[in-house]
Amino acid sequence: MAERRADWKRHISDQLKLRDRVQRHTFEEIVQQYNRLLEKSDLQAVLTERYQTEKYDVQRGHEASSLDSSRSDSLHQEMSQMRIRHQEELTELHKKRGELAQTVIELNNQIQQKDREIQSNEARMLEYQQQIASLEGDCRDLRSNLQELEMANQTLKDEYDALQITFSALEEKLRKTSEDNQELVSRWMAEKALEANRLNAENEKDTRRRQAKLQKDLADAAKEPLPIEQDDDIEVLAEDGGKGAGETSPNRPIGRTLRKTSQQPQGGLLDSISNIFGRRSANSFGTSPETSETPSGGCAEVRVPTTALHVFEAHDGEVNTVRFSPGSRLLATGGMDRRVKLWEVVSGRCEAKGALTGSNAGITSIEFDSSGSYLLAASNDFASRIWTMDDYRLRHTLTGHSGKVLSARFLLDNARIVSGSYDRTLKLWDLRSKVCMKTVFAGSSCNDIVCTEQCVMSGHFDKKVRFWDIRAESIVREMELLGRVTSLDLNHDRSELLTCSRDDVLKIIDLRSNAIRQTFSAQGFKCGADWTRVTFSPDGSYVAGGSADGALYVWNVLTGKLDRTLDRNHSSAINSVSWSPSGTYVASVEKGSRAILWSDM
């Protein structure tokens with residue numbers, strides 16, 4: 001800063017000295033001329049005074065002496081010439097004086113102009129100095145900020161290096177933890193398999209024990225003599241093998257005895273009684289009547305529900321899903337208490353039939369196979385499970401997803417399963433080999449799945465319904481709705497797809513034309529969760545869905561209008577609705593623990 005100030009001062013001094021050198025010669029010449037002019041003027045005044053004195057003296061001498069007249073004339077002439085010469089010189093000097101005065105005036109004006117320029121330059125120099133001072137202050141501040149930023153950057157760099165080291169350590173720890181977790185899961189699955197085998201062995205032992213007891217009771221009953229009336233046509237065969245089948249009672253005609261004997265089984269009385277009590281013994285082993293029911297191929301009459309026939313507490317906590325069996329005789333519910341409960345529908349009431357255990361988290365989806373022999377359930381413990389309905393035994397546990405399994409469905413051949421998960425993948429499972437055949441990345445969390453013969457339709461969190469070709473593992477097409485897709489359902493001939501989304505609208509998509517055929521909404525209807533399930537009626541004439549306010553809404557598919565609203569029985573949001581294949585009943589479950597069986601009776 002000091003060096004800069006010395007530089008500009010030295011520069012100003014040099015400029016002033018240069019101006020003195022340039023302008024001094026001109027002013028020196030003017031001053032010299034002016035001094036000479038003054039000297040000549042003074043000399044002229046002296047000469048004039050002297051000549052005036054001499055004139056007076058000459059005049060007096062002329063009067064005094066006439067001898068000097070000629071001398072006076074010559075002197076007078078000389079003085080006249082000198083006066084003329086001096087007058088000319090004086091005139092010339094006056095002229096030069098005027099010119100020099102004008103030059104002095106101009107030079108003074110120039111000096112004043114230069115002085116003004118110097119003042120302006122000094123003002124600008126002062127302004128520039130102030131700016132320089134301000135800029136130097138800014139530079140100091142910027143240097144200070146730069147130093148602070150460099151220090152902060154170094155600190156952040158050190159922290160980043162420390163975090164990088166910590167991250168590497170945590171990543172290694174995570175890897176080891178994942179490996180340990182995988183090992184623990186494998187061990188846990190092995191323990192679960194051993195436990196399931198142990199439970200199955202105990203069930204088999206119990207079944208054999210009961211069968212042995214029944215066989216013993218039947219044998220004891222066979223040994224007791226049976227009273228036979230004289231007019232009875234039945235020929236009782238002796239249990240002793242030595243008596244032939246052709247032996248007859250003497251009180252019976254031969255032909256009649258042979259006819260009855262030919263109808264009797266070869267195993268004797270024990271087998272006869274076994275045949276008589278065969279159905280009872282099967283039921284005594286815990287066999288579900290579901291195995292003997294025939295799935296209804298179509299619905300003769302659909303009853304639109306108007307009345308809550310049975311309101312009951314289904315689970316200890318939230319109930320997530322509900323499904324009727326193909327024969328409509330069983331109702332299955334799944335809840336957050338990790339159990340699937342089975343209810344037998346008898347005369348408009350649901351009677352507890354049993355519970356399927358084995359899940360380690362809440363049940364999210366339930367599906368029966370087409371014959372009603374197996375039940376498939378998805379759960380929040382990243383797995384899907386299959387139970388047999390004749391003995392309620394856990395048969396398969398399908399693990400492999402890294403997120404909650406939100407939906408699982410049988411394919412039409414009942415030998416393969418498709419599951420969709422929160423981990424944004426769909427998996428195809430083969431029940432024969434019990435392995436995952438294919439895994440498809442969907443790009444978004446899968447909330448529900450339905451299947452046709454070669455196509456899987458999935459509803460996703462990103463508002464899209466995706467259509468997958470099972471054979472090609474690729475998306476055939478996509479359809480985007482206006483809200484997150486919560487539910488999918490197919491009508492009886494699998495030609496129409498029902499969707500429900502979080503924009504509180506139900507839509508029917510015609511799968512043949514890929515167009516939206518019908519849209520349903522109602523004032524007050526609100527989808528309560530990302531897993532709210534809706535359903536077609538068995539004949540496809542109606543759709544039913546539950547609202548967040550606990551009301552059950554039923555729409556007419558043909559007109560697209562709301563048919564009725566049932567809103568005085570649920571106390572919380574309805575999670576799922578199922579219509580029985582017979583068309584007689586509708587079941588609904590809620591976020592509370594309640595389930596309701598509806599009909600028009």
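What counts, and at which threshold
Residues numbered from 1 in each chain as written. Predicted model: local features only at pLDDT ≥ 70, side-chain atom pairs only at ≥ 80, totals over all residues. Heavy atoms only, no water. Helix = DSSP H or I, 4+ residues; strand = E, 2+ residues; numbered from the N terminus. Buried < 20%, exposed > 50% of the residue type's maximum accessible area, 1.4 Å probe, protein only. Contact = heavy atoms within 4.5 Å. Areas by Shrake-Rupley, 256 points an atom, 1.4 Å probe, with all protein chains shown as cover. Phe/Tyr/Trp six-rings, centres within 6.5 Å; stacked < 30°, edge-to-face > 60°. Lys NZ or Arg CZ within 6 Å of the ring centre and 35° of its normal. Salt bridge = Lys/Arg side-chain N within 4 Å of Asp/Glu carboxyl O. Pairing = 2+ DSSP bridges. Axes fitted to C-alpha atoms, helices over the stretch in contact; angles between N-to-C directions. pLDDT = per-residue confidence, 0-100. Core = buried A, V, L, I, M, F, W, Y, C linked by side-chain atoms within 4.5 Å. Polar contact = N/O pair within 3.5 Å; in protein donor to acceptor, adjacent residues only side chain to side chain.

## Quick look at the overall build of the protein
Thought 1: Looking only at helices and strands, the protein has five helices and 28 strands in total.
Thought 2: Per-residue burial over the protein gives 36% buried out of 601 residues.
Thought 3: Sequence-distant contacts in the protein: of pairs separated by 6 or more residues, those separated by 24 or more amount to 49%.
Thought 4: A total of about 35,300 Å² of accessible surface is found on the protein, and carbon and sulfur atoms cover 50% of it.

## Re the packing of aromatic side chains
Working definition: an aromatic ring pair is given by the centre-to-centre distance plus the angle between the planes.
Thought 1: Taken as a whole and judged by the stated rule, the model has six aromatic pairs.
Thought 2: With a centroid separation of 5.8 Å and an interplanar angle of 15°, the aromatic rings of Tyr553 and Trp555 are classed as stacked.
Thought 3: Three or more aromatic residues joined by ring pairs form one cluster here, namely Phe520, Phe525, Tyr553 and Trp555.
Thought 4: Lying over the aromatic face of Phe467, Arg477 brings its terminal NZ or CZ to 4.1 Å of the ring centre.

## Topic: the pattern of salt bridges
Thought 1: Per the stated rule, a full pass over the model turns up 32 salt bridges.
Thought 2: In this structure, the salt-bridge partner of Lys213 is Asp217, at a minimum N-O distance of 3.4 Å. With a gap of four residues between them, Lys213 and Asp217 both fall in helix 2 (residues 69–223), about one helical turn apart.
Thought 3: In this structure Asp217 comes out as partly exposed when scored by relative accessible area, which is 36%.
Thought 4: Between Arg339 and Asp337 there is a salt bridge, and its shortest N-O distance comes to 3.6 Å.
Thought 5: For Arg339, a relative accessible area of 26% translates into the label partly exposed.
Thought 6: Overlapping salt bridges, with partners in common, bring together Glu204, Arg208, Asp391, Arg393 and Arg395 in one network.

## Some remarks on the sheet that holds strand 9 (residues 394–399)
Thought 1: Spatially, four strands are ordered 6-7-8-9 in an open sheet, and the strand pairing comes out antiparallel. Lying at the two open borders of the sheet, with one neighbouring strand each, are strand 6 (363–368) and strand 9. Ignoring which end each strand starts from, the neighbouring axes of this sheet average 20° apart.
Thought 2: In terms of strand pairing, strand 7 (residues 374–379) meets strand 8 (residues 383–388) through five bridges, oriented antiparallel. Note on strand 8: the bridge partner recorded for Tyr374 is Thr388.

## Topic: the pairing of strand 24 (residues 552–556)
Thought 1: Strand 24 sits mainly inside the fold: five of its five residues count as buried.
Thought 2: By the alternation rule, side chains of strand 24 split into Leu552, Val554 and Asn556 and Tyr553 and Trp555, which are all buried.
Thought 3: The pairing of strand 23 (residues 542–546) with strand 24 spans five bridges and is antiparallel. Each residue of the ladder has a partner; that of Gly546, found in strand 24, is Leu552.
Thought 4: Here strand 23 folds back onto strand 24, and the loop between the two strands holds five residues, one of which, Gly550, carries a positive phi near 85°.
Thought 5: Direction of pairing for strand 24 relative to strand 25 (residues 562–566): antiparallel, over a ladder of four bridges. Bridge pairing in strand 25 places Leu552 opposite Leu566.

## So, the confidence of the model for the protein
Thought 1: Confidence in the prediction for the protein averages 82 pLDDT; 84% of positions are at 70 or higher.
Thought 2: Residue range residues 229–292 is modelled with pLDDT below 50. Its contacts to residues more than four positions away, or to other chains, number 61 contacts.

## Some points on the nonpolar core
Most often, soluble globular proteins have nonpolar side chains that are buried together.
Thought 1: Leu498, Leu506, Ile508, Phe520, Val543 and Trp555 are the most contacted members of the largest nonpolar core, which has 15 residues in total.
Thought 2: Elements represented by at least two residues in this core include exactly strand 19 (496–501), strand 20 (505–510) and strand 24.
Thought 3: Residue contacts for Ile508: discarding those within four places in its chain leaves Glu496, Leu497, Leu498, Ala515, Ile516, Arg517, Gln518, Phe520, Phe536, Val543 and Val557.

## Concerning the environment of Met479
Thought 1: Take Met479: it is sitting in strand 17 (residues 474–480).
Thought 2: Sequence separation of Met479 and Gly459 is 20 residues, and the distance between their C-alpha atoms is 9.7 Å.

## Remarks on the environment of Lys507
Thought 1: Topologically, Lys507 is positioned in strand 20.
Thought 2: Distance in space between the C-alpha atoms of Lys507 and Gly560 is 9.9 Å, their sequence separation being 53 residues.
Thought 3: Among all residues touching Lys507, those that are not within four sequence positions of it are Leu481, Leu497, Leu498, Thr499, Ile516, Gln518 and Thr519.

## Digging into the sheet that holds strand 10 (residues 405–410)
Pairing between sheet strands relies on hydrogen bonds along the backbone, with the strands arranged either parallel or antiparallel.
Thought 1: If you trace the four strands from one edge of the open sheet to the other, you get 10-11-12-13, paired in antiparallel fashion. Each having just a single partner strand, strand 10 and strand 13 (435–441) make up the two edges of the open sheet. Neighbour-to-neighbour, the strand axes of this sheet turn through a mean angle of 20°, independent of strand direction.
Thought 2: Summarising the sheet, strand 11 (residues 416–421) and strand 12 (residues 425–430) pair through five bridges and their orientation is antiparallel. Bridge assignment links Val418 to a residue of strand 12, and that residue is Leu428.

## Things to note about the environment of Ser578
Thought 1: With respect to the helices, strands and loops of the structure, Ser578 is situated in strand 26 (residues 574–579).
Thought 2: The exposure class of Ser578 is buried, given its relative accessible area of 5%.
Thought 3: Separated by 3.4 Å, the side chain of Ser578 and the backbone nitrogen of Phe324 make a polar contact.

## Quick look at unusual backbone geometry
Thought 1: Even without being a glycine, Asn414 presents a positive backbone phi close to 60°.
Thought 2: Mapped onto the fold, Asn414 is located in the loop between strand 10 and strand 11.
Thought 3: By relative accessible area, which is 24% here, Asn414 ends up partly exposed.
Thought 4: Positive phi is not limited to glycine here, since Lys434 has a value of about 60°.

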